[in-house]
Structures are given as C-alpha cells and as structure tokens.
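Structural characterization, general
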Amino acid sequence: MKINDENFLLELKKKNPAALEYIINTYCNLVFKIVINVLGNDNYENAKECINDVYLLIWNKNHLYNPQKSSFKNWLLAVSKYKAIDYKRSLTKQDNLQIEEQVLISKTDVENEYILKEKKEELINLLQYEHELDRELFIRKYILDETMDSLCKKFNLSKGAIYNRLWRTKNSLIRKLNISAEVEVWK
C-alpha cells in the first residue's frame, strides 16, 4: 500500500512503519529547524538524539493528536519544540552538575594551595634568622626546585659543601619548629 497525505495518519495508528517513514521524509527539515533553533547550532549531536525522540514519541503517542484542534504539521512542530525544550533543560542540568563538580575540585585545590602558601611564608619567616647563603641555598633548592648542579655553578661550591649547609639549615629549622623527627642524612 502506498502511503500518502490522506492515509498516513490511519496507517500510523495501525503501526505501519511506512507511515512513520512518510512523516520523516515529509517533515524532517521542519522538525530539524525547530529542534536546532531551540538547542542551538553547536548541539548537532544532541539535536539528532532529540529528533529521534520526537519520532519515537509520534510513533508511540500518535493517539494524542486531535485533528479538530490543529493540523498534523502544527502538532508535530509543537511536539518537536517542546521535546527540544525538555532536551535543553536536561542538558543545562548536566552542565550545571559538571560545573559544580569542577567548582568542588577547584575549591579543594585552592584550599591546598592556600595552605601551602601559608607554610612557605612561615618557612621563609623562620629562614630570616639563618645565614644569608644558607637561606638562599635552602630557598633555591627546596622552594624553587633548582638542581644541585646549577647551585654548584651559581655559588661556586662543591656538592658536599651545599649538602652540609642544607643539612645544618634543616636541623636549625627543625629545632625552631620543635619537631621531633630523625634528620635525613644525604649521601
């Protein structure tokens, strides 16, 4: 049986897949334009999903169409518009959840960075009472992460001399902080 403008609604009610195919072929451009206008041009994948859901809704709920109230075309466009609005709401909720997760993650990072900054400031304050060379070596090695070779070249000292100065500075800081811990011995 050939599906046309006169019999597609009757065939759709009989669950004839050819009737749905006729609707898709006839109205696909209009449905696409409605959905993409609501969702936006950058949501092409979501628009395709939404359009599939529109056609599924037409297939499953075609009994809701009332020919006395409007034409099928207008009903289909209204269904498309409201389905797209629902999709947009669900996408907004997903985006909000992702943003909240990112805020929580970044909040933790900010707190950790703030604590680290405070600890560095406290350490630098304690270092003020150390010998100037020892203070600079300690800051460059442990705060600025400079390599031992670059420190040797910059201060014209051997590795052993630098390790000695760093070890003494660490011991001094441990005493000032009243930390009871074993002091690491460098090789």
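Cut-offs and rules
Residues numbered from 1 in each chain as written. Predicted model: local features only at pLDDT ≥ 70, side-chain atom pairs only at ≥ 80, totals over all residues. Heavy atoms only, no water. Helix = DSSP H or I, 4+ residues; strand = E, 2+ residues; numbered from the N terminus. Buried < 20%, exposed > 50% of the residue type's maximum accessible area, 1.4 Å probe, protein only. Contact = heavy atoms within 4.5 Å. Expected span 1.5 Å × (residues − 1). Bend = angle between axes of the 7 residues up to and from the residue. Polar contact = N/O pair within 3.5 Å; in protein donor to acceptor, adjacent residues only side chain to side chain. pLDDT = per-residue confidence, 0-100. Salt bridge = Lys/Arg side-chain N within 4 Å of Asp/Glu carboxyl O.

With that settled, consider the overall build of the chain. Across its full length, the chain carries 7 helices and 0 strands. Listing each helix as α and each strand as β along the chain from the N terminus yields α-α-α-α-α-α-α. Per-residue burial over the chain gives 29% buried out of 187 residues. Partitioning the contacts of the chain with sequence separation of at least 6, the portion at a separation of at least 24 is 52%.

Another point: helix H2 (residues 17-39). Here H2 is 23 residues long, yet its end C-alpha atoms lie only 28 Å apart, well below the 33 Å a rise of 1.5 Å per residue gives. Of all the bends in H2, the greatest measures close to 65° and is centred on tyrosine 27. The set of residues buried in H2 consists of Ala19, Leu20, Tyr22, Ile23, Tyr27, Val31, Val35, Ile36, Val38 and Leu39. Measuring from the backbone nitrogen of alanine 18 back to the side-chain oxygen at the start of H2 gives 3.0 Å, which picks out asparagine 16 as the cap. Just downstream of H2, glycine 40 is the residue with a positive phi angle, here 100°.

Our next topic: unusual backbone geometry. A positive phi angle, near 65°, is found at lysine 15, a position not held by glycine. Turning to its location among the elements, lysine 15 is positioned in the loop between helix H1 (8-13) and H2. At asparagine 156, a residue that is not glycine, the phi angle is positive and equals roughly 55°.

Looking at the element boundaries, serine 71 is found in the loop between helix H3 (44-60) and helix H4 (72-127). From its side chain, serine 71 meets the backbone nitrogen of asparagine 74 in a polar contact 3.2 Å long.

What follows concerns the confidence of the model for the chain. Per-residue pLDDT for the chain has a mean of 81; in total, 82% of the residues score no lower than 70. In the model, residues 180-187 has pLDDT below 50 throughout and makes 11 contacts with residues more than four positions away in sequence or in other chains.

Turning to helix H7 (residues 159-177), a few remarks are in order. End to end, H7 covers 27 Å across 19 residues, agreeing with the expected 27 Å (1.5 Å per residue, within 8%). Within the sequence span of H7, burial applies to Ile162, Leu166, Thr169, Asn171, Ser172 and Leu173. Positive backbone phi, approximately 55°, marks asparagine 178, located one or two places after H7.

Glancing now at the pattern of salt bridges. Within this structure, the stated rule accounts for 7 salt bridges. Among the ionic pairs, arginine 140 bridges to glutamate 136, the shortest N-O distance being 3.0 Å. Of the two residues, arginine 140 and glutamate 136 are both situated in helix H5 (residues 132-143); the distance of 4 residues between them amounts to about one turn of the helix. Between arginine 140 and glutamate 146 there is a salt bridge, with its nearest N and O atoms 2.8 Å apart. One exposure class covers both arginine 140 and glutamate 146, and it is buried. The structure contains a network of salt bridges with shared partners spanning Glu136, Arg140 and Glu146.

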